[in-house]
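# Structural overview
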Amino acid sequence: LLSLQIQRTQLKDEMVFIMYHQVNELLFKMILWEMGQISHTENIEPDKFVMHLMRVSRYFDMLSISFDIMGEGMELEQYMKFRDTLTPASGFQSAQYRKIEIASTELINLIDYRFRKTIDRDTPYEHAFNNMYWQAAGVDHKTGKKNKLILNFEDKYKAELINWMKEYNTVNLWTKFKELPESYKNNIDLVNAMRHYDHTVNINWVMHHYNAAAQYLDSGKGNAEATGGSDWHKYMHPRYQRRVFFPELWTETELENWGVDNLESYKILTELN
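Predicted model, so just to flag it, every value in this text is computed and none were measured.

### Description of the overall build of the protein
When helices and strands are tallied, the protein shows 13 helices and zero strands. Beginning at the N terminus, the succession of helices and strands in the protein can be written as α-α-α-α-α-α-α-α-α-α-α-α-α. Within the protein, the fraction of its 273 residues that count as buried is 50%. Here the contacts in the protein between residues at least 6 apart in sequence split such that 71% fall between residues at least 24 apart. Carbon and sulfur atoms make up 52% of the accessible area of the protein, which amounts to about 14,400 Å² in all.

### Some details on the nonpolar core
Phe60 and Tyr197 are the most contacted members of the largest nonpolar core, which totals 71 residues. Counting residues per element, this core draws most heavily on helix α10 (residues 188-217), at twelve residues. When near neighbours in sequence (up to four residues on either side) are disregarded, phenylalanine 60 contacts Phe28, Ile31, Tyr97, Ile100, Tyr197, Thr200, Val201 and Trp205.

### Considering the packing of aromatic side chains
Scanning the entire structure with this criterion turns up 20 aromatic pairs. Ring geometry for tyrosine 79 versus phenylalanine 82: centroids 5.4 Å apart, planes at 90°, classification edge-to-face. Of this pair, tyrosine 79 and phenylalanine 82 both sit in helix α4 (residues 76-82), three residues apart, which is roughly one turn of the helix. Pairwise contacts between aromatic rings join Tyr20, Phe28, Phe60, Phe67, Tyr97, Trp174, Phe177, Tyr197, Trp205, Phe245 and Phe246 into one cluster.

### Things to note about unusual backbone geometry
In this structure, asparagine 43 is a non-glycine residue whose phi angle is positive, near 50°. Summarising the element assignment, asparagine 43 is placed in the loop between α1 (13-39) and α2 (46-65).

### So, empty space enclosed by the protein
The gaps left among the atoms become clear once a water-sized probe is rolled over them. On inspection of all chains with the given rule, the structure shows one cavity of 30 Å³ or more. Looking at the largest cavity, its volume works out to about 40 Å³. Lining of the largest cavity is provided by Asn109, Leu110, Ile111, Asp112, Tyr113, Arg116, Tyr133, Gln241 and Arg243.

Criteria and cut-off values
Residues numbered from 1 in each chain as written. Predicted model: local features only at pLDDT ≥ 70, side-chain atom pairs only at ≥ 80, totals over all residues. Heavy atoms only, no water. Helix = DSSP H or I, 4+ residues; strand = E, 2+ residues; numbered from the N terminus. Buried < 20%, exposed > 50% of the residue type's maximum accessible area, 1.4 Å probe, protein only. Contact = heavy atoms within 4.5 Å. Areas by Shrake-Rupley, 256 points an atom, 1.4 Å probe, with all protein chains shown as cover. Core = buried A, V, L, I, M, F, W, Y, C linked by side-chain atoms within 4.5 Å. Phe/Tyr/Trp six-rings, centres within 6.5 Å; stacked < 30°, edge-to-face > 60°. 1 Å grid on protein atoms, 1.4 Å probe; cavity = no way out; pocket = protein on both sides within 12 Å on 5 of 7 lines; lining within 4 Å. Points joined across faces, edges and corners; volume = space filled by probe spheres on them.

Here it is in C-alpha cells:
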C-alpha cells in the first residue's frame, strides 16, 4: 500500500490527496466486508442485521468527518495545479463504491431516473449497467459518446461489476430486508438502522464530499470542472440525483425533500405503511 504512494508532481500536498483516498478505499473494503455478512447470512435475525448495518454507518460517519482533511488539509494553489495531472482520473472510478451501491439496493434504484421505465427484472445486466445514474457523468453531451473517464473505468471494471450485480441481485440489503418475516420488518431498531444508513450514505456523506469539492472548485481559481469533466454540482448533489436505497422506508414528503436542508432525516417511524 505504501509503495503505491507515488506523486505525479513535486507539490507536497499531492501526497495528502493520495493518502486520503487510500484511507477511503480501506474503509470501503471494511464496509463491503460487513455488508457481505448481512447478505450471505441465511435467516438473519434483526439484531445481527442491525449490528452490521450500524458498523457500516459508523464507517461512513468516519468518511464524512474526514472530508475536513480535504477541505482544510491542502493549499488551494497546490491542489488546483496537481489536480490537472489526474485528468481523466476521478473519484468516480472507485469500483468499491459502486459495489457498495449495488450491494445496498435493487438495481432499479440506481438506474438514471430518465430510463427506469425501460428496466425490469428481465433486463440484461449489461443494459442495466449502461443505464446506471453515474453513466451520465461519463458521456459527452454534445456528441453522445463516452469520454475517456468512463471508457477507462469500464475497460478495467465492467465485467467485475456485472458479476457483482448478479451476485447481489437477490441478496442486496433492500431485497434482504423485504424478504424478512413481517415481525422483523416492523422491528423499529432495524427500520431506524436502515433509514440511518440510507441518509448517511446518500445525503450526509455526499454533502460532505460536495462541500469539500466546492471549497476548491468554486474558489474562482483554475478550472472548476471535475477531473472527470462532469457537471459535478448536479452529479453530486442529492437534491438532483435523489439516490435512495430504501424508498419504501421514507414518507412521500421526505422523498420529495430528499437532500433539502430541512429534511426531517431522523424522524422515527412508529409504523410501516
